[in-house]
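Here's the letter readout for the chains.
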Amino acid sequence: MRKAWIHALVLLSVAGLAACSPGGGGGPTPSPSATSSTAGPTAEPSPDAETTVPAPSPPPTAAPATSGPGKGNAELAIMVKPSESEAALNYTLVCKDGVPTAESSHPSAAAACTALKENPAVLSPAPRGTDQACTQQYGGPQEATVTGIVDDSPVDSSFARRDGCEIGLWNAAKDILGSAGGAS
């Protein structure tokens, strides 16, 4: 009888530990190779999965029709406000075939023109979907507006650093926005 009692305690202990394990105790835990081969490369963790590493900022989204290399022609007015208490910085960026012209007052005009030629859509990101999750991190008080024309397409964009999605868009356009206010 004593052996039966010990076996019952062992079974209860094992069942209790299995219920606390990551697999939930409801059955065998799939091996990592089985999980990755069935889930595919686009699998996402379940909504209740906990992590200790913050999620990276999502990559900026570009309009599909204009992504990729462009002509590198631009006439832009760029306003960067480093903070609420600091005066706005205003730049003019004029590029011809990816090269800045003498009219440009941008602090790093060559890098900005190259960035525009490589991806003219960086200044016209797709609108954020209502179902897009963004990390709730604050990147700083910087705000910027860019207006003008890039490769014969009008541009009227605003940038900020209020959450992970906006930080990602700012970082994608950083060469065009300049390094005002310590934002990189």
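Residues numbered from 1 in each chain as written. Predicted model: local features only at pLDDT ≥ 70, side-chain atom pairs only at ≥ 80, totals over all residues. Heavy atoms only, no water.

Leu76, Leu93, Leu116 and Leu123 are the most contacted members of the largest nonpolar core, which has 23 residues in total. Listing elements by their share of this core, those giving two or more residues are strand S1 (74–81), strand S2 (89–96), helix H3 (109–118), strand S4 (143–150), strand S5 (153–160) and helix H5 (174–177). Element by element, the count of residues in this core is highest for H3, at 5 residues. The residues contacting Leu116, other than those within four sequence positions of it, are Ala74, Leu76, Leu93, Cys95, Leu123, Val150 and Ile176. (Core = buried A, V, L, I, M, F, W, Y, C linked by side-chain atoms within 4.5 Å. Buried < 20%, exposed > 50% of the residue type's maximum accessible area, 1.4 Å probe, protein only. Helix = DSSP H or I, 4+ residues; strand = E, 2+ residues; numbered from the N terminus. Contact = heavy atoms within 4.5 Å.)

Here the focus is the pattern of salt bridges. If you walk through the whole model with that rule in mind, you get 3 salt bridges. Put simply, Asp152 and Lys71 hold a salt bridge, and the shortest N to O gap is 3.4 Å. Of this pair, Asp152 sits in the loop between S4 and S5 while Lys71 sits in the loop between helix H2 (32–39) and S1, and the two are 81 residues apart along the sequence. Lys71 sits in the partly exposed class, given a relative accessible area of 47%. The salt bridge involving Arg162 is made with Glu166; its shortest N-O contact spans 3.4 Å. Shared partners join several salt bridges into a network, and the residues in it are Glu143, Arg162 and Glu166. (Salt bridge = Lys/Arg side-chain N within 4 Å of Asp/Glu carboxyl O.)

A separate point is the sheet that holds S5. Hydrogen bonding along the main chain pairs the strands of a sheet, whether they run parallel or antiparallel. On the basis of which strands lie adjacent, the open sheet formed by 5 strands has the order S3-S2-S1-S4-S5 and antiparallel pairing. Only two strands of the sheet have a single partner each, and these edge strands are strand S3 (99–100) and S5. In terms of strand pairing, S1 meets S4 through 8 bridges, oriented antiparallel. Paired with Lys81 across the bridge in S4 is Glu143. Contacting S1, S4 and S5, helix H4 (residues 164–172) runs over the sheet at an angle of about 130 degrees to S5. (Pairing = 2+ DSSP bridges. Axes fitted to C-alpha atoms, helices over the stretch in contact; angles between N-to-C directions.)

Along the chain, Ser83 turns up in the loop between S1 and S2. Since its relative accessible area comes to 13%, Ser83 is described here as buried. Here the side chain of Ser83 touches Glu86 through a polar contact of 3.1 Å, side chain to side chain. (Polar contact = N/O pair within 3.5 Å; in protein donor to acceptor, adjacent residues only side chain to side chain.)

Its identity as a non-glycine residue notwithstanding, Asp97 has a phi of 55 degrees, on the positive side. Assignment of secondary structure puts Asp97 in the loop between S2 and S3. By relative accessible area, Asp97 is classed as partly exposed at 46%. Residue Asp151 is not a glycine yet carries a positive backbone phi of 50 degrees. Residue Asp151 is classed as buried on the basis of its relative accessible area of 14%.

Turning our attention to the side chain of Glu166. Position of Glu166 relative to the elements: it lies in helix H4. Of the polar contacts made by the side chain of Glu166, one reaches the side chain of Arg162; its length is 3.4 Å. Excluding residues within four positions of it along the chain, Glu166 makes contact with Arg128, Ala160 and Arg161.

Attention now goes to the state of the cysteines. Scanning the model with the defined rule gives 2 disulfides in all. For Cys134, the disulfide goes to Cys165, at an S-S distance of 1.8 Å. Between Cys134 and Cys165, the S-S torsion sits near -95 degrees, and that sign places the bridge as left-handed. Of this pair, Cys134 sits in the loop between H3 and S4 while Cys165 sits in helix H4, placing them 31 residues apart in sequence. Across the protein, the disulfide pattern expressed with sequentially numbered bonded cysteines is 1-2, 3-4. (Disulfide = S-S within 2.5 Å.)

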